[in-house]
Amino acid sequence: METLLMTGASRGLGRAAAEKILRERPDVRLVVTTRGGELAAELAESTGNPNVTALPCDLASTRSIRAAAAMLSGHRLSGFIGNAGVQLTSRAHATEDGIEPTFAVNVLANHLFVRLLWNRFTAPARIVLVGSDTHFGDLRHNLGMVPAPRWEPVADLTRPRPEAPTAAGGRTAYSTSKLAVVYLAHALARRLPDGVDVYTFNPGYVPGTGLVRDAGPVVRFLSRTLLRALVATPLALSPAGAGALLADAAIGPRPGESGAYVDRWAAAGSSPESYDHDREEELWRALCALEPVEML
Ligand SMILES: NC(=O)c1ccc[n+]([C@@H]2O[C@H](COP(=O)([O-])OP(=O)(O)OC[C@H]3O[C@@H](n4cnc5c(N)ncnc54)[C@H](OP(=O)(O)O)[C@@H]3O)[C@@H](O)[C@H]2O)c1
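Values in this document were obtained by computation on a predicted structure and should not be read as measured data.

The rules we used
By convention here, each chain's residues receive numbers from 1 onward along its written sequence. Selection of residues for local features in this predicted model requires a pLDDT of at least 70, selection of side-chain atom pairs for listing and counting requires 80 or more, and totals for whole chains, interfaces and linings are taken over all residues. Each axis is a line fitted through C-alpha atoms, and for a helix only the stretch in contact is used; angles between axes span 0 to 180 degrees, taken between their N-to-C directions. Secondary structure is summarised from DSSP: a helix means a run of H or I of at least four residues, a strand means a run of E of at least two, and numbering begins at the N terminus for each. Between 65 and 115 degrees an angle is taken as roughly perpendicular, under 35 as roughly parallel, over 145 as roughly antiparallel, and anywhere else as oblique. For any helix crossing, the convention is left-handed if the near helix is rotated counterclockwise from the far helix by under a right angle, and right-handed if that rotation is clockwise. By definition, residues are in contact whenever their C-beta atoms, placed on the basis of the backbone, come within 7 Å of each other. Under the scheme applied, nonpolar residues are Ala, Val, Leu, Ile, Met, Phe, Trp, Tyr, Cys and Pro; charged residues are Asp, Glu, Lys and Arg; polar residues are all the others, including Gly. Neighbour density around each residue's C-beta defines its exposure: 20 or more other C-beta atoms within 10 Å make it buried, 12 or fewer make it exposed, and counts between make it partly exposed, where C-beta atoms are placed from the backbone. Paired strands are those between which DSSP finds at least two bridges.

Concerning the packing of helix α1 (residues 12-24) against helix α9 (residues 239-251)
Part 1 of the argument: Remark: α1 packs on α9, axes separated minimally by 7 Å, with the N-to-C direction vectors making an angle of 55°. When the interaxial angle is binned, α1 and α9 end up oblique. Between α1 and α9 lies a crossing whose hand is right-handed. On the side of α1, the interface is formed by Gly12, Leu13, Gly14, Arg15, Ala16, Ala17, Lys20, Ile21 and Glu24, while α9 contributes Pro239, Ala240, Ala242, Gly243, Ala244, Leu246, Ala247, Ala250 and Ile251.
Part 2 of the argument: Split into classes, the residues belonging to the contact of α1 with α9 amount to twelve nonpolar, three polar and three charged.

Here we look at unusual backbone geometry
Part 1 of the argument: Looking along the chain, the bond that leaves alanine 123 and enters proline 124 is cis, with omega of 0°.
Part 2 of the argument: Looking at the element boundaries, proline 124 is found in strand β5 (residues 121-130).
Part 3 of the argument: Phi angles above zero are rare outside glycine, and leucine 143 is one such case at about 50°.
Part 4 of the argument: If you trace the backbone, leucine 143 turns up in the loop between α5 (139-142) and α6 (154-157).
Part 5 of the argument: The partly exposed category is assigned to leucine 143, around which 14 C-beta atoms lie within 10 Å.
Part 6 of the argument: Its identity as a non-glycine residue notwithstanding, arginine 264 has a phi of 55°, on the positive side.
Part 7 of the argument: Here arginine 264 shows up in the loop between β7 (261-263) and β8 (266-268).

Some details on the sheet that holds β5
Part 1 of the argument: Pairing is mixed across the open sheet formed by eight strands, whose spatial order is β3-β2-β1-β4-β5-β6-β7-β8. Whereas interior strands pair on both sides, the edge strands pair on one side only; in this sheet they are β3 (52-56) and β8. When the angles between neighbouring strand axes are averaged without regard to direction, this sheet yields 25°.
Part 2 of the argument: Note: β7 against β8, three bridges, orientation antiparallel. By the bridge assignment, valine 262 is partnered in β8 with alanine 267.
Part 3 of the argument: Sheet strands in contact with α1 are β1 (3-7), β2 (29-34) and β3, and its direction is about 160° off that of β2.
Part 4 of the argument: In the packing of helix α2 (residues 39-47) onto the sheet, the strands contacted are β2 and β3, and the crossing angle to β3 comes to about 160°.

Here is the structure:
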């Protein structure tokens, strides 16, 4: 039986995507990373499909990612969905590896998992990394809620900034991490073997998930109430709606050429800034140097 590995299935749009995958693909074993709880049992019960296993993993810890990947050494992988993500209201924190957590979870974790499992992917296979409209950095795409990305040398992107613990800094780290996700998908597309495709998936704006849980009470309140009402407009999707589209990107018809940006339901252009061969290669080299890998 082939295996599909997914991060971020515990809540938000990822949970809806995991449920759709389990309902539609009883022939696939879904492995979901988890930081605790009864996720596999809950997903099995809500979908009636028992082919789901939980793998303990804290994506902010490279040690934990390596341990989780080692558990999959005997598996034939048909896909990886890198959905987990964080948006913090400061750039001041550091993971146990000394890395700024937004970068660690949103970028490095995806790179490390894919590199560790490189030889386990069996064509046809698909890697889907969840990006964000915020990587565009303009009002039309970020609704004024998240500052534009600010690219810097990768060593600086990984560096915690305790000296400037502002919410704008945390959200800039978020949009920049999502720009890095597009770069990572482009760099991966140039390297993965034929038949192993990679995509960035953009869910659009999805109010009502846990993404703003680190934000202040006003933002959290607005996200639960006023902003949630936007799902009735074309400006936003519900977690269930966005999750269904993420599932389609992962298990539906091939969405486009490997490396493409899937904007909710179809391949589309990402921001002009997100096509930058030099930055993509700098990011790839820096990530490889940060976490050298012996493939499993
Ligand atoms: N909501 C939006 O408007 C929006 C828009 C564009 C893109 N996105 C992206 O969509 C993805 C899903 O976000 P969401 O909105 O559904 O947010 P969410 O409800 O907060 O879900 C985030 C998921 O990531 C997991 N996660 C975070 N940090 C982790 C860690 N250190 N180790 C393991 N798992 C970790 C969470 O697990 P726990 O339950 O253990 O915390 C959870 O399953 C993210 O990549 C986000 O950036 C969201």
